Structures are given as structure tokens and as C-alpha cells.
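Breakdown of the fold
As a plain string of letters, each chain reads:
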Amino acid sequence: MKTCYIIGGGLSGLTAANALKDKFNKTIVIEKHNDIGGLCQTYQIDGINYEFGPHVLYSKTVEQSAFWGRLITPKYIDYHVRCCIDGQLKSYDELFDFPISKRNISRLGESYIPQEPDYSNFENYMISQIGKASYETFVKNYNIKQWGIHPKDMLADWAKFRPLSLKPDNPRMFGDVWAGHPGSYRPVFDKLSQDLEIVTDTKVSGLGIDNNVIKCIYFNNNNNKISISPNDVVINTLPIDLFFEEKLDWRGSLKVFALLDTCPAMPTYSTTFPNNYSWTRIVEYPHHSGQENTNGKTLISFAIPYSINEPLQNDYMQEIHDFVIHQIHAKVIKTVKKHEDFCYPISSQQNIDTLEKILNKASNINNFYSIGRLGLFAYISMTRAIQIALELSNNIDKLSSPADKMTFFKKLREELW
Ligand SMILES: Cc1cc2nc3c(=O)[nH]c(=O)nc-3n(C[C@H](O)[C@H](O)[C@H](O)COP(=O)(O)OP(=O)(O)OC[C@H]3O[C@@H](n4cnc5c(N)ncnc54)[C@H](O)[C@@H]3O)c2cc1C
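Residues numbered from 1 in each chain as written. Predicted model: local features only at pLDDT ≥ 70, side-chain atom pairs only at ≥ 80, totals over all residues. Heavy atoms only, no water.

Further remarks concern the overall build of the chain. When helices and strands are counted, the chain shows 12 helices and 20 strands. For the chain, whose C-alpha radius of gyration is 22 Å, the value lies close to the compact-globule estimate of 22 Å for 417 residues. Split into buried and exposed, the 417 residues of the chain put 54% on the buried side. At a minimum sequence separation of 6, the contacts of the chain that also span at least 24 residues come to 72%. (Helix = DSSP H or I, 4+ residues; strand = E, 2+ residues; numbered from the N terminus. Rg over C-alpha atoms; globule rule 2.2 N^0.38 Å. Buried < 20%, exposed > 50% of the residue type's maximum accessible area, 1.4 Å probe, protein only. Contact = heavy atoms within 4.5 Å.)

This paragraph deals with the packing of helix H1 (residues 11-20) against helix H11 (residues 382-395). Across the interface, H1 lies against H11 with an axial gap of 8 Å and an inter-helix angle of 35°. Both H1 and H11 take part in a crossing whose hand is right-handed. Every residue of H11 that contacts H1 at Leu-11, Ser-12, Thr-15, Ala-16, Ala-19 and Leu-20 is listed here: Met-382, Ala-385, Ile-386, Ala-389, Leu-390 and Ser-393. When the residues that make up the contact of H1 with H11 are grouped by side-chain class, the tally is nine nonpolar, three polar and no charged. (Axes fitted to C-alpha atoms, helices over the stretch in contact; angles between N-to-C directions. Left-handed = near helix turned anticlockwise from the far one by under 90°. Nonpolar A, V, L, I, M, F, W, Y, C, P; charged D, E, K, R; others polar.)

Neighbouring the ligand are 32 residues, the closest being Ser-12, Glu-31, His-55, Val-56 and Ile-380. Residue Leu-11 places a main-chain N or O atom 3.1 Å away from an oxygen atom belonging to the ligand. Between an oxygen atom of the ligand and a side-chain N or O atom of His-55, the distance comes to 2.7 Å. Coverage of the ligand by the protein amounts to 95% of the 990 Å² it exposes when considered alone. Those elements that place two or more of their residues in the shell around the ligand are H1, strand E19 (332-345), helix H10 (372-375) and H11. Top element by residues in the shell around the ligand is H10. It accounts for three residues. Grouping the amino acids of the shell around the ligand by side-chain chemistry returns 17 nonpolar, 11 polar and four charged. Domain assignment of the residues forming the shell around the ligand places at least three in each of domain 1 (3-38 + 186-248 + 347-412) and domain 2 (42-78 + 179-184 + 250-345). (Near = heavy atom within 4 Å. Polar contact = N/O pair within 3.5 Å; in protein donor to acceptor, adjacent residues only side chain to side chain. Areas by Shrake-Rupley, 256 points an atom, 1.4 Å probe, with all protein chains shown as cover. Domains from an automatic or database assignment.)

Tracing the backbone through its elements, the reader meets Lys-255 in strand E15 (residues 250-260). Glu-340 provides the closest opposite charge to the buried, salt-bridge-free Lys-255, at an N-O distance of 9.3 Å. In this structure the side chain of Lys-255 is engaged in a polar contact, spanning 2.7 Å, whose partner is the side chain of Ser-253. (Lys, Arg positive; Asp, Glu negative; His and termini not counted. Salt bridge = Lys/Arg side-chain N within 4 Å of Asp/Glu carboxyl O.)

We now examine the packing of helix H9 (residues 349-363) against helix H12 (residues 402-412). The interhelical angle for the contact between H9 and H12, taken along N-to-C directions, is 135°, at an axis separation of 8 Å. The angle between the axes of H9 and H12 places the two elements in the oblique class. Our pair here, H9 against H12, has a crossing hand that is right-handed. On H12, the residues that touch Glu-356, Leu-359, Asn-360, Ala-362 and Ser-363 of H9 are Pro-402, Lys-405, Met-406, Phe-409 and Lys-410. (Parallel < 35°, antiparallel > 145°, perpendicular 65-115°, else oblique.)

Bringing the state of the cysteines into the picture now. The tally for this structure, following the rule as stated, stands at zero disulfides. Cys-216 carries a free sulfur, and the closest cysteine sulfur to it, the one in Cys-4, is 17 Å from it. Cys-40 provides the cysteine sulfur closest to Cys-343, a residue in no disulfide bond, and the two sulfurs are 11 Å apart. On the accessibility criterion, Cys-343 (6% relative accessible area) is buried. (Disulfide = S-S within 2.5 Å.)

Tallied over the full model, the rule gives 25 aromatic pairs. Both rings, one in Tyr-119 and one in Tyr-125, keep their centres 5.4 Å apart while their planes meet at 25°; by these two values the pair is stacked. Take Tyr-119: its relative accessible area is 42%, and that puts it in the partly exposed class. Summarising the aromatic geometry, the rings of Trp-250 and Phe-377 are spaced 4.7 Å apart at their centres and angled 90° between planes, so their arrangement reads as edge-to-face. Here Phe-377 lies in the loop between H10 and H11 and Trp-250 lies in strand E15, a separation of 127 residues in the sequence. Taken individually, Trp-250 and Phe-377 each receive the classification buried, so the pair is uniform in this respect. Taken together, the aromatic side chains of Phe-273, Tyr-277, Trp-279, Phe-302 and Phe-323 make up a single cluster linked through ring pairs. Directly above the aromatic system of Phe-96 lies the positively charged group of Arg-107, at a separation of 3.9 Å from the ring centroid. The positively charged end of Lys-338 is found above the aromatic ring belonging to Tyr-43, 4.1 Å away from the centroid. (Phe/Tyr/Trp six-rings, centres within 6.5 Å; stacked < 30°, edge-to-face > 60°. Lys NZ or Arg CZ within 6 Å of the ring centre and 35° of its normal.)

As C-alpha cells, this is what we get:
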């Protein structure tokens, strides 16, 4: 009797469980919440759909579109983002383009021709692509707020997967890539979880490892455990450093959702605020998901980054109320707060070195595999999370030696979006 235990019931865990359920006698998904779906699950406030982070669905290939098409029917949406550089909410045309465009630079009274990319660090990369004035105005403070470290201390590699080079005027957020939204991601998880054994409300806290074999999975602060046999397999989708003494730096995100009495409230689905306020961006959900009937109300979220060891300042709720009254000219009907401590993997050399050590140890554990945005410490899109889960499922029998596994883990991290 061979059992596959999958830790985490998000998109990665459920895709892997679905693909592997016929290969094992039993496949069991363990999830800490009483609901599945993880970060991209859709919830509602007063009938308005939202996800924790606004989840845009991208497809780069026909195969990817076909995969999503079997699960949901997404609607194409023409996503544009605005950038507010002085904290004053203005009209769409008065705000700046994001990604950064040529007309942004001329509006600053500057001109710039992109240079050969300088990959020595994130700051130098951005300056080589958009010039110093634009970097200072649109990027620098946003990144300090978002990541909690100076762009000089971030790797430039991270930028390869983001739309950060100079774009034509009024750029689409996702360039030529097909982008849209299904209205709700709930049907995706309903379909993926059909016929699966899912144990909810169970928070995994560690693994019992002996002689490079997992012997048990601990949960509820190590007070309980599930014993497993050496032939069983554990697929992790939780923060990989949970199981090792080496620790990685993650950036957390607090979202304050505000239901307002006016719709629309913002000029577009996402507006970034590099230089003012505690938040990095405001998202308006009906714009984002294409939801039309919202009874004259709207739902927006304020994204406030933090680190576990750096408590947030307390005045952000007052800041939010002031912004809604004085900039949006609306009334807050209610607010809901949600946070994720392990939201963004911080792309620094120190983290990459630590990750290498962790993946080495992980590769040496016979019956252990790790995937997903947390399990690979990688800021991957939903489509990439699915591809990675399917790649592991297709290759799990072939990954016998630690060297094979290490190469496999590293290859999975090479492409993120
Ligand atoms: C703010 C934000 C915005 C994003 N926007 C987009 C976007 O627009 N488009 C896009 O394609 N991708 C986007 N992504 C990426 C997308 O969220 C990921 O690709 C997706 O979440 C990957 O799913 P996952 O299963 O790997 O991780 P998760 O969704 O995080 O799933 C992990 C699961 O593990 C569970 N879990 C955690 N700890 C424990 C524990 N101790 N015990 C048991 N269970 C546990 C969680 O509850 C969760 O269900 C975004 C990511 C972020 C952070």
C-alpha cells in the first residue's frame, strides 16, 4: 500500500494530487484552513468577488489555454495599471503609465534610450533600462516599501520575469500575453478536488526524518503526528524552510479590503503608489474580475507589505479612511483584514545561497519532493504552478538519485511566469 501525502491544498497541491491519484493506492491532501484553494481562491464581500491578491489568468501557449479551458471559461480583460507619484488621486490620463513608458519619461522633462541590461543588481538593472530619473520616481521607493530592502541589495534576475523594461505609451500590463479572469476561481478547485481525500483544519508543523527518510508528519504544533512508511511519498507545497534549520527571508502582505458606497472608485483595476502611504497599490475588484452588477458598491484592497519581525505601524487604518474620504470622495461601508506572512520570496544573494543549501538537503531525503511558490521559494504564476505540479507528477518515478532531484528542483525555478 503506497500513499502520497500532499501538504497544502492550494493550486500546486491540488493539481499534483489530481495528477497522481491513479499512481498511488491513496492520495491525501493536508490543508491548514477549512477551505481549499490557497492564495488564488475566490471569496466574496457583499456579493463582490475577490482573491487575496488580485489573480489575473495568463496563458502564453495553446496548451496552457486548453488546460484552463477544461476547468473554467475566463473572460479576456484589457488590463492597464496607473502609477500615482504624489499621493493625489487623479484621472486615468493624469496618472502615469505602469509599466513605465516613454511618455512617463518625457512627462518628467527627461529623455532616455535604454542601455544594455546591467545585471549587477536590481537598481543598476532598472537604471540601465529606464534611466535614473524614472527609477527614482517610479521604482526605488516602491521597491523599498514592497521588499523592505534597498534595490541595490536585490538580485537583477528577478526583473527578467517582470514587465520592467521601457514600454510603448499606455502599455497593457501583460503585454501581448492573453490575460483575463474567470469571475471566480472556485470552480477550478471544485473540479481539481473531485475524488480526492482532503484533510482540512490540519496545520502541518514539521517532518520526522530519520536516515534520510520521512517517518512521520507532525501537525498542530507537533502535538500530533501521522506515521508514514518508507514507501510513502510526501509532496510539500509549504515554505520549504519550515522543515530545515536554515531560514529564508519572506515578505508578508496585509490586505485591507474596503467596501465602498460608490462604483467605480479608482481609474483602473490597479493603481500603484511608489512614494506615499503605507500601501504599495490599490486594487479595485469589479474592474479586475469584470464583475458588472455590484449594486452601486465597490470593493478595493490596500496592499501593505511587512516582515514577520517588523510589526506594522498602527496608523494605516486612519490613513485608509482619510484616503477614501479625501481622495476617492466615498464612504467606507466596512473593512476586512487578511494577511499572509509568507507572501513574497525576497530575491537576495543571501536567500539564494541559503536556498541552495536547503534544496541540497531536501534532495537527499528519499521520499520528499517540494513544489509551488512556497515549496520552491519562487514567485510563480498560477499557470507555472500548474506546469510544475504536472512536471513533478510525470517524472516522480524517474527522480531516484539526490543529484537528479537537485537538478530537477533547480530547473523548475528557472522559469517563473
Ligand atoms: C499577492 C500575489 C498576487 C498574485 N497574483 C497573481 C496573478 O495575478 N496571476 C497569477 O498567475 N499568479 C499570481 N500570483 C501567484 C499565485 O498566487 C501562485 O502561483 C499560486 O498561489 C500557487 O499556488 P500554491 O499552491 O503553490 O500556493 P498557495 O496558493 O499559497 O497554497 C499553499 C496552501 O498551503 C496551505 N498551507 C500553508 N501552510 C500550511 C500548513 N502549515 N499546513 C497545512 N497547509 C498549509 C495554505 O493554506 C494553502 O492552501 C500571485 C501571488 C501573490 C503572492
